[in-house]
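# Results of the structural survey
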Amino acid sequence: DARVTQTPRHKVTEMGQEVTMRCQPILGHNTVFWYRQTMMQGLELLAYFRNRAPLDDSGMPKDRFSAEMPDATLATLKIQPSEPRDSAVYFCASGPTLGTPFTDTQYFGPGTRLTVL
Amino acid sequence: GESVGLHLPTLSVQEGDNSIINCAYSNSASDYFIWYKQESGKGPQFIIDIRSNMDKRQGQRVTVLLNKTVKHLSLQIAATQPGDSAVYFCAETHYSSASKIIFGSGTRLSIRP
């Protein structure tokens, strides 16, 4: 059955290193979301795309985070340089966007657990 | 400010009993609400949604109740099963304005055998 895939599932890196997380949305979905989940902040929206164009990335720290969709089958979230406070689980979700972006069911991937030492 | 909160961080229920998970929201402009279930090691999974023109909506073993007067949302799970063990999040947004979705902090539901 169709599902969102994310790689890697786990990533341990040292402070200052570049981290790239990848997401393959469900085929045919044209809205992609990136979320970050921590115990302290819960689930936070970082950015979202519709038809590969960034609609809103106001939730991302601009100086170190970047999100792109090189094509319809790949979304990337990059952190450079990474910091210990970036340690979290990063989720990608996709949706069909028949209506407004957040009112269509979002299908979440399994997440990437990032640990920055 | 805008916030979506949950009354209880953890809930323990006897298997077979009904579970009720509560959620309070503060943004009066929100008119669309969603419940998500997140199992350990997985991403959130859509359970059920409700628009503000309704006060009740039923799914398979789940019912969402919306009380706009007191800005309260609840998720009822009938005949709770071990597979219902998870963290449950409520979320809110505004349907027409495509405003961002705001997630609550989550309630952990544990099932006693």
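Quick note: structure is the one above.
Let me sum up the structure you'll find in this document.

About the cut-offs
- Residues numbered from 1 in each chain as written.
- Chains lettered and ligands numbered in written order.
- Predicted model: local features only at pLDDT ≥ 70, side-chain atom pairs only at ≥ 80, totals over all residues.
- Heavy atoms only, no water.
- Core = buried A, V, L, I, M, F, W, Y, C linked by side-chain atoms within 4.5 Å.
- Buried < 20%, exposed > 50% of the residue type's maximum accessible area, 1.4 Å probe, protein only.
- Helix = DSSP H or I, 4+ residues; strand = E, 2+ residues; numbered from the N terminus.
- Contact = heavy atoms within 4.5 Å.
- Buried area = accessible area lost by both parts, 1.4 Å probe.
- Salt bridge = Lys/Arg side-chain N within 4 Å of Asp/Glu carboxyl O.
- Polar contact = N/O pair within 3.5 Å; in protein donor to acceptor, adjacent residues only side chain to side chain.
- Nonpolar A, V, L, I, M, F, W, Y, C, P; charged D, E, K, R; others polar.
- Pairing = 2+ DSSP bridges.
- Axes fitted to C-alpha atoms, helices over the stretch in contact; angles between N-to-C directions.

Further remarks concern the nonpolar core. With 22 residues, the main nonpolar core has Met21, Trp34, Met60, Ala67, Leu77, Ile79 and Tyr90 of chain A as its most contacted residues. Going through the elements one at a time, strand 3 (19–24), strand 4 (31–38), strand 5 (42–50), strand 7 (65–71), strand 8 (74–79), strand 9 (88–95) and strand 11 (112–116) of chain A are the ones with two or more residues in this core. Apart from the residues lying within four places of it in its own chain, the contact partners of alanine 67 of chain A are Trp34, Ala47, Phe49, Met60, Thr76 and Leu77 of chain A. Membership of the second largest hydrophobic core comes to 20 residues, among which are Leu11, Tyr25, Ile50 and Leu109 of chain B.

Each side of the interface is counted separately: chain A has 19 residues, and chain B has 18 residues. The junction of chain A with chain B conceals about 1500 Å² of combined surface from both sides, 61% of it contributed by carbon and sulfur atoms. Counting across the chain A and chain B interface gives zero salt bridges. At the surface where chain A touches chain B, the tally comes to two residue pairs in polar contact (both at pLDDT 80 or more). Looking at which element gives the most residues to the side of chain A that touches chain B, the answer is strand 5 of chain A, with three residues. Grouping the constituent residues of the side of chain A that touches chain B by class yields nine nonpolar, eight polar and two charged.

Another aspect to go through is the pattern of salt bridges. Scanning all chains against the criterion turns up eight salt bridges over all chains. Between glutamate 39 of chain B and lysine 42 of chain B there is a salt bridge, with its nearest N and O atoms 3.9 Å apart. Look at glutamate 39 of chain B and you get partly exposed, because its relative accessible area is 27%. You can call lysine 42 of chain B partly exposed: its relative accessible area is 47%. Residues arginine 61 of chain B and aspartate 84 of chain B are paired through a salt bridge, measuring 2.8 Å at the closest nitrogen-oxygen approach. With arginine 61 of chain B in the loop between strand 6 (56–58) and strand 7 (62–67) and aspartate 84 of chain B in the loop between strand 8 (72–77) and strand 9 (86–93), this pair connects stretches of sequence that are 23 residues apart. Residue class for arginine 61 of chain B comes out partly exposed when judged on its relative accessible area of 30%. Judged by its relative accessible area of 6%, aspartate 84 of chain B is buried. Ionic contacts of the salt-bridge type, sharing partners, join the residues Arg64, Glu83, Arg85 and Asp86 of chain A into one network.

All names here are of chain A. Reading across the sheet, the four strands line up as 1-3-8-7 and stay open at both edges, with antiparallel pairing between neighbours. Only two strands of the sheet have a single partner each, and these edge strands are strand 1 (5–7) and strand 7. Ignoring which end each strand starts from, the neighbouring axes of this sheet average 20° apart. Sheet topology note: the strand 7/strand 8 ladder contains five bridges and is antiparallel. Counterpart to glutamate 68 in the pairing with strand 8 is threonine 76.

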